Amino acid sequence: MAQSFDLVLRGGTLVLPWGMERADVGVRAGRIAAIGDLRTAHAAEEVDCTGLHVLPGLIDSHVHLREPGDPKVETIETGTKAALLGGLAAVFDMPNTSPSITDTARLDWKREHVKGRAWCDIGFYVGATKANIAGLAELELQPNVCGIKVFAGSSTGDLMVEDDENLERVMRAGRRRISYHSEDEYRLQARKPNYTTGMPYRMHAEWRDVETAFLGTRRLMALARKTGRPAHILHVSTAEELEYLKDYRDVCTVEVLLNHLTQTDEAYDRLGGYAVMNPPIRDQRHLDAAWAAVADGTVDTVGSDHAPHSRESKEKPWPTGGSGLTGIQTIVPLMLDHVSAGRLSLSRLADLMCAGPARVYGVVGKGRLAAGYDGDFTVVDMKRSRTIEENWIVSPCGWTPFAGQRCTGWPVMTVIRGRIAMREDEVLGSPEGAPVRFRG
């Protein structure tokens, strides 16, 4: 008797955990049911993927969708639609909203709010504060929470835990891996009087220098070893940190941003405030070190740190404007372009943006193209060449620091739990994104 599926993707080159193979993949009830030769199978929907590569649904594990906050900059709906158009099947949303996501009530609100609004699947960070440490062990085990986020430097509102005493208390409150923004707040504040409003934007990298990041990371690693609490250092931006963290694999995993793999400090002269982010874009030495760390396996995940601000904010004199860049819609095309340039393989890309996030955060049902996993796919055309244009960006802020950049390799279809959600720049159906599940 012929097999029957809800969806079959036929004839594509599948990016499997064990290598790349040309095969069919069948989905039933939202999950991958079969991989192989499915020519005799029946399917409610079939897609010819000849000449295309089928990756597991890619994940951006570091985004700021700004809700609750300012809908003129970003919302859950616009941000997840951008994710779909850019080839992402899931995103993990940061807690530094207004108000911040720091307790059960706000987390409950957010879980309810995404229903009927999220176009892709979504996980949630919970922010640590000095006031909620006692509740973190319970909060990290709430459904759909990817983990606790600690801002050890550079934050707004009450989301700042900068001193060793409270950082250690956070590490002893619970057991899941904690994600950190690692910059030393004391060094930042001590150096701040050296800089005045209106200085060149490239002063951002001088103020938030290598030692600011490296000192923060050394302090965190000492406490992680002391407490045994696993850490994920977000947006590692320096050669010094990447070399140092190789000796802490027992307690630490590593994220590098697309920006630190793509941009150097010449961007300040070209883009002005549209190049300002934390940690800052640095010089070629650090970009080269980031690629070396991708090549040798030091890097576990690559994210966008999508953090939109209004044009008005980005065009203010330094350092009064907002720090953060858009990236949710452009990370996959730019990473595919890096693949085309020979900087990494498609298999390594799938590891960094799917299997890696699944390992680091304990995702259930996602992370690999294999039977029994969610029917999430990012289908890409590696022969397609296209220029990133701002009229393609759907985030309300309306800009990208990568406008005008030509990419070879482009996402042409996003499938979420067996449903084609985006095809050839068209978002299909209605927002049916669901909260991601995590192991407690």
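Values in this document were obtained by computation on a predicted structure and should not be read as measured data.

Rules and cut-offs
Residues numbered from 1 in each chain as written. Predicted model: local features only at pLDDT ≥ 70, side-chain atom pairs only at ≥ 80, totals over all residues. Heavy atoms only, no water. Buried < 20%, exposed > 50% of the residue type's maximum accessible area, 1.4 Å probe, protein only. Helix = DSSP H or I, 4+ residues; strand = E, 2+ residues; numbered from the N terminus. Contact = heavy atoms within 4.5 Å. Pairing = 2+ DSSP bridges. Phe/Tyr/Trp six-rings, centres within 6.5 Å; stacked < 30°, edge-to-face > 60°. Lys NZ or Arg CZ within 6 Å of the ring centre and 35° of its normal. Axes fitted to C-alpha atoms, helices over the stretch in contact; angles between N-to-C directions. Polar contact = N/O pair within 3.5 Å; in protein donor to acceptor, adjacent residues only side chain to side chain.

Enquirer: What is the right way to read helix α1 (residues 76-85) from this model?
Expert: Counting along an α-helix, one turn takes 3.6 residues, and residues three or four places apart therefore face a common direction. With respect to burial, α1 is a largely interior element, seven of its ten residues being buried. For α1, the set of buried residues is I76, G79, T80, A82, A83, L84 and L85. Check the buried side of α1 and you find it contacts β7 (88-93), α2 (104-113), β8 (121-127), β15 (406-416), β16 (419-423) and β17 (426-427).

Enquirer: What is the right way to read unusual backbone geometry from this model?
Expert: Glycine aside, the phi torsion of most residues is negative, and most peptide linkages are trans. Cis geometry is adopted by the peptide bond preceding P99, which originates at S98 and carries an omega value of 5°. One can find P99 in the loop between β7 and α2. In the segment running from N278 into P279, the intervening peptide bond is cis, with an omega of -10°. Looking at the secondary structure, you find P279 in the loop between α10 (266-271) and α11 (284-296). Within the chain, R417 stands out as a residue other than glycine whose phi angle is a positive 50°. If you trace the backbone, R417 turns up in the loop between β15 and β16. Here R417 falls in the partly exposed class, since its relative accessible area comes to 29%.

Enquirer: I'm lost on the pairing of strand β14 (residues 377-387) in this one. Help?
Expert: Taken residue by residue, a regular strand's side chains alternate between the two faces of the sheet. By the bridge criterion, four bridges tie strand β5 (residues 53-56) to β14 in an arrangement that is antiparallel. Paired with H53 across the bridge in β14 is V380. The sheet contact formed by β14 and β15 spans eight bridges and is antiparallel. Bridge pairing in β15 links T387 to R406.

Enquirer: Could you clarify how one ought to interpret the packing of aromatic side chains in this entry?
Expert: One pair of aromatic rings is described through two measures. These are the centre distance and the angle between the planes. Applying the stated rule across the entire model yields nine aromatic pairs. In textbook terms, an aromatic cluster arises when at least three aromatic residues are bridged by ring pairs, as seen for F92, Y125, Y361 and F438. Stacked on the ring of W207, the Lys or Arg R208 has its end atom at 4.9 Å from the ring centre.

Enquirer: Would you mind going over the sheet that holds strand β10 (residues 178-181) with me for this structure?
Expert: Sheet strands pair by backbone hydrogen bonding; their relative direction is either parallel or antiparallel. The strand order across the open sheet formed by eight strands is β6-β7-β8-β9-β10-β11-β12-β13, and the pairing between neighbours is parallel. Pairing within the sheet leaves two strands with one partner each, and these edge strands are β6 (58-63) and β13 (301-303). Neighbouring strand axes in the sheet, compared pairwise and without regard to direction, differ in orientation by 30° on average. Relative to β10, strand β9 (residues 145-151) is paired through four bridges, and the arrangement is parallel. From the neighbouring strand, I148 faces β10, where its bridge partner is I178. Where α1 meets the sheet, it contacts β7 and β8, and its direction lies at approximately 140° from that of β7.

Enquirer: Would you mind going over the side chain of R111 with me for this structure?
Expert: By secondary structure assignment, the location of R111 is in helix α2. Exposure remark for R111: the relative accessible area of 13% places this residue in the buried category. In this structure the side chain of R111 is engaged in a polar contact, spanning 2.6 Å, whose partner is the backbone oxygen of P143. Those residues in contact with R111 that sit more than four places away from it in its chain are F124, Q142, P143 and N144.

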